[in-house]
Each structure stands twice: as structure tokens, then as C-alpha cells.
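# Summary of the model geometry
Given next are the chains, with one letter for each unit.
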Amino acid sequence: MEKKKDIRALTKEQLREFFVKNGDKAFRGNQVYEWLWQKAAHSFDVMTNISKETRDKLEASFVINHIKVDQMQRSSDGTIKNAVRLHDDLIVESVLIPTKTRTTACVSSQVGCSLDCKFCATARLKRMRNLNPDEIYDQVVAIDNESRLYFDKPLSNIVFMGMGEPLMNYNNVLKAIDKITAPEGLGMSPKRITVSTSGVPKMIRKMADEEVKFKLAVSLHSAIDDIRTSIMPFNATFTLADLRESLQYWYAKTKSRITYEYVVWDGINDTKKDVDALVAFCKFAPSKVNLIEYNPIDDGIFQQATSKAVEMYVSVLEKNGIVVTVRRSRGKDIDAACGQLANKS
Ligand code: SAH
């Protein structure tokens, strides 16, 4: 028997064509599209404005693959982590981070990760596969529902800082963002979406050329090649000079300020020389720095720098007119913080 196709892999136009080919009206395609995306239907049965006969026809040709939240954990600080089961039984994780004024979804873009950052738990999983646009979209819908249920407000922001390197799954991430921002999808503003990358220069240039409207964050962690390569080995290929040029290009095209994510580790990047290199890097394009707390992934090699070292970073950056914030991590007790997503369950 021929395998049924995932209906959400079709564009609206392709759905319309399906109906025309089957002797029906093209606008049925729009109706079904709305059920699939805006109303996040899990089955054809719920599509009540579609005749039973047509629903049977759809059922015979397609499946609606849907993620399933297998397990939800809540941290003492309110953070929620979902273990999400995909149609082929692989698992990814997504996180809801509440604050007084907003709720942020942290979503995954790949199962595992193709990069090999030494300080990140997800890297140990290796990359198993890319997520499809609908699998990314569904994570957002699940978190939006939880946000309404537990915090009485819709989801306000999305960060692609879960498992995976979003720019290594570029097409699917962009398709998902299209759906998230489309009026027929969730209708969210792209300004509330941040794509975080380890820094893939070629893809940053491509995004700039396409004049995307979401925000860009880069996980920098060091502005000195040798050090960065030792903790993020792909830096040997995607060097800082290349990254820097791509970021200048990004800013020239988008006029959108870049956020650098940065962890300060004991004995790795905690000296004045390290801060000075960061200051110099920040001058190439308008940017700000988020100093994030290290979340131990129990190997003992990496340790959070002293608060004195972090304070030195803050004061030197500020003296140089660079906006810097110090981020406390959230959801540590349930392994939901940055770099801790690794399917322990
Ligand atoms: N691949 C993307 C997105 C996933 S990582 C990227 O690199 O940006 C999300 C963020 O968590 C990145 O800034 C990453 O450097 C950071 N991170 C990874 N492991 C961490 C850890 N153990 N503690 C704190 N932050 C970590």
C-alpha cells in the first residue's frame, strides 16, 4: 500500500489544486488549510464545514502528523518543559519561560544537533534529523495553549534556542516562521521572534538577502579564534572574521541590532584580554550582549566564572557604550535551562 502523505507538507496552493483535481472547488483548500494551521486540527473529523464524503477522501490520501506532548514538567520558578514525541517516536524538548509581563517559548529546530559545542548537553546527542515546519509550529501551539491555561495570557515571544542549530535547518525554520506570523497561522509579529545561531556566515548572509523581519542572536562565547575553536570546534571552519563580515552585512541589510549570547567560564574566557576582544567585536555592528549563566552539564570541565569576572565584563562593556544584561537562568531544576536539553527522560 502506498504510504499516505503528510497533508501539512502541502502549501495552500497545492491543497487547492488537490480539490480541483478531485472535482471540488478550490476554496475547499483554503478551508482545510485554516483547519490545519489556524485551528491546529488533529483529525479530519473535526472539520465540520467539510462534507463527510470529502473528509473520507482526505482521510484516504493523507495523514495529519501531530506532535504529542509526552511529558510536561514544571520548575519551582514557573518554567515548563515539554518532552515532545514526533510521529517517528523521536523526542525533542521545548520550554515555556514566564515572566511578569511576557511568556516566551523556547523551541527546538533539530532532533539532536549537528554542532559540537563542548559545553552543551544537546551536542552529545548528535544530529538525528531536521524538524519539519509543522513540528516546529506544533511546539509553538502547544506552548501557546499552556501559556493561556497556566498564565492566563497568550504566548508573547519565541526564541529558537532549544535543541539544534536553526540555520542548519534553514528552509524548514523559515517555513515555520512564515506560518507562525501568517494571519492564517498564529498571526504573531516577527519582531517577537529571535533565531539564535552558533554563527553560520553563509546562512546569515542569505537571511539578510531575504530581508527577514525576525531578530538575530549569535552564541559568541569568545571573540578570540583559538579559544572559540577550542569550545566550539566548527569555528575552525566558520571563523570569527567570516562571522563578523556576515554580521556587518546583516546589519547593513536589515538595520536590526544583533544580540550576542555569552557565557563567562572560569579559566577559559574570564580575563581582561577576553573582554577587550569582545568589545572590539561588538564595534563592527550595532549589538548588545547577554551574559548568560552557565548551566552545568555535569562534566566538571566548564565552570561558571566568579561574579568578579562577570562584573568586570559588565563594567568594561558599559564603559565602551555597549548594552549588556546579565541573565539568570530559568528552569534549572528540571534541566530546562540553556544547553541542558538532552532528553534525560
Ligand atoms: N544552536 C543555537 C541554538 C541553541 S543553544 C545556538 O547556538 O545559538 C541556545 C543557547 O544556549 C546558545 O547561546 C548556547 O550557546 C547556550 N548554551 C549551550 N549550552 C549551555 C550551557 N550549558 N549553559 C548555558 N548556556 C548554554
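Residues numbered from 1 in each chain as written. Predicted model: local features only at pLDDT ≥ 70, side-chain atom pairs only at ≥ 80, totals over all residues. Heavy atoms only, no water.

### Remarks on the sheet that holds strand 5 (residues 91-98)
Taken together, the 10 strands give an open sheet; going across it, the order is 3-4-5-6-9-10-11-12-13-14, and neighbouring strands pair in mixed fashion. Since the sheet does not close on itself, it has two edges, and those belong to strand 3 (68-74) and strand 14 (323-327), each with one partner. On average, each strand axis in the sheet is inclined to that of its neighbour by 20°, with strand direction left out of account. Where strand 6 (residues 103-106) lies against strand 9 (residues 157-160), 3 bridges are found, and the strand directions are parallel. The residue of strand 9 that forms the bridge with Cys106 is Val159. (Pairing = 2+ DSSP bridges. Helix = DSSP H or I, 4+ residues; strand = E, 2+ residues; numbered from the N terminus. Axes fitted to C-alpha atoms, helices over the stretch in contact; angles between N-to-C directions.)

### Brief notes about the packing of aromatic side chains
Following the criterion strictly, the structure yields 12 aromatic pairs and no others. Aromatic ring contacts, followed pair by pair, group Phe119, Trp265, Tyr294 and Phe302 into a single cluster. Above the plane of the ring of Tyr33 lies Lys12, whose end atom (NZ or CZ) is 5.6 Å from the centre. Just above the ring of Trp37 sits the side chain of Lys179; from NZ or CZ to the centre is 4.5 Å. (Phe/Tyr/Trp six-rings, centres within 6.5 Å; stacked < 30°, edge-to-face > 60°. Lys NZ or Arg CZ within 6 Å of the ring centre and 35° of its normal.)

### Quick word on helix 4 (residues 133-151)
Relative to the 27 Å expected for 19 residues at 1.5 Å per residue, helix 4 spans 26 Å between its end C-alpha atoms, a close match to the ideal helical length. With respect to burial, helix 4 is a largely interior element, 14 of its 19 residues being buried. One or two positions beyond helix 4, positive phi appears at Asp152, with a value near 60°. (Expected span 1.5 Å × (residues − 1). Buried < 20%, exposed > 50% of the residue type's maximum accessible area, 1.4 Å probe, protein only.)

### Quick notes on a positive patch on the surface
The grouping of Arg102, Lys191, Arg192, Lys213, Lys215, Arg257 and Arg327 at the surface amounts to a positive patch. Tracing the chain through its elements places Arg192 in the loop between helix 5 (170-181) and strand 10 (193-197). Residue class for Arg192 comes out partly exposed when judged on its relative accessible area of 42%. (Patch = residues over 30% accessible without salt bridge, like charges linked within 9 Å, V, L, I, M, F, W, Y side chains within 5 Å. Areas by Shrake-Rupley, 256 points an atom, 1.4 Å probe, with all protein chains shown as cover. Salt bridge = Lys/Arg side-chain N within 4 Å of Asp/Glu carboxyl O. Lys, Arg positive; Asp, Glu negative; His and termini not counted. Charge placed at Lys NZ, Arg CZ, Asp CG, Glu CD.)

### Notes on the packing of helix 4 against helix 5
For the pair helix 4 and helix 5, interaxial distance at closest approach is 8 Å and the crossing angle is 45°. By the angle between their directions, the pair helix 4 and helix 5 is classed as oblique. In this structure, helix 4 meets helix 5 at a crossing whose hand is right-handed. Residues Pro133, Ile136, Tyr137 and Val140 of helix 4 form the contact with helix 5, whose participating residues are Asn172, Val173, Lys175, Ala176, Lys179 and Ile180. (Parallel < 35°, antiparallel > 145°, perpendicular 65-115°, else oblique. Left-handed = near helix turned anticlockwise from the far one by under 90°. Contact = heavy atoms within 4.5 Å.)

### Let's talk about the domain arrangement of the protein
When the parts come together, some accessible area is lost, and that loss is often what is quoted as the size of the interface. As far as domains go, the protein holds domain 1 (5-63) and domain 2 (68-334). Centre-to-centre separation of domain 1 and domain 2, based on C-alpha positions: 35 Å. Summing both sides of the interface, domain 1 and domain 2 together bury roughly 800 Å²; the carbon and sulfur share of this comes to 49%. Three residues stand out in domain 1 for area buried against domain 2, namely Arg8, Trp37 and Gln38, and they jointly supply 63% of the buried area on that side. One can count 3 salt bridges joining domain 1 with domain 2. Taken together, domain 1 and domain 2 are joined by 5 residue pairs in polar contact (both at pLDDT 80 or more). Tallied by class, the residues present in the side of domain 1 that touches domain 2 amount to 3 nonpolar, 1 polar and 3 charged. (Domains from an automatic or database assignment. Buried area = accessible area lost by both parts, 1.4 Å probe. Polar contact = N/O pair within 3.5 Å; in protein donor to acceptor, adjacent residues only side chain to side chain. Nonpolar A, V, L, I, M, F, W, Y, C, P; charged D, E, K, R; others polar.)

### Thoughts on the site of the ligand
Ser196, Ser198, Ser219, His221 and Asn295 are the nearest of the 22 residues found near the ligand. Between the ligand and Gly164, the relevant distance is 3.0 Å, taken from a nitrogen atom to a main-chain nitrogen or oxygen of the residue. Between the ligand and Ser219, the relevant distance is 2.6 Å, taken from an oxygen atom to a side-chain nitrogen or oxygen of the residue. Compared with its free state, where it exposes 530 Å², the ligand has 96% of that area covered by protein. When grouped by side-chain class, the residues that make up the shell around the ligand number 10 nonpolar, 9 polar and 3 charged. (Near = heavy atom within 4 Å.)

### Topic: unusual backbone geometry
Although it is not a glycine, Glu211 sits at a positive phi angle of roughly 50°. Residue placement: Glu211 occurs in the loop between helix 6 (201-209) and strand 11 (215-219). Residue Lys255 is not a glycine yet carries a positive backbone phi of 55°. Considering the arrangement of structural elements, one finds Lys255 in the loop between helix 8 (240-254) and strand 12 (258-262).

### A short note on the state of the cysteines
Taken as a whole and judged by the stated rule, the model has 0 disulfides. There is no disulfide at Cys120, and the cysteine sulfur nearest it, in Cys117, is 6.2 Å away. The exposure class of Cys120 is buried, given its relative accessible area of 18%. (Disulfide = S-S within 2.5 Å.)

### Let's talk about the packing of helix 9 (residues 272-282) against helix 10 (residues 307-319)
Between helix 9 and helix 10, the shortest axis-to-axis distance is 10 Å and the interhelical angle comes to 35°. Helix-helix and strand crossings are classified by hand; for helix 9 and helix 10 the assignment is right-handed. In this structure, helix 9 uses Lys272, Asp274, Val275, Asp276, Leu278 and Val279 to contact helix 10, whose residues at the interface are Met312, Tyr313, Val316 and Leu317. Its residues assigned to classes, the contact of helix 9 with helix 10 comprises 7 nonpolar, no polar and 3 charged.

### Describing helix 9
Regarding helix 9, the residues found buried are Asp274, Val275, Ala277, Leu278, Val279, Phe281 and Cys282. Elements that come into contact with the buried residues of helix 9 comprise helix 7 (225-231), helix 8, strand 12, strand 13 (287-292) and helix 10.

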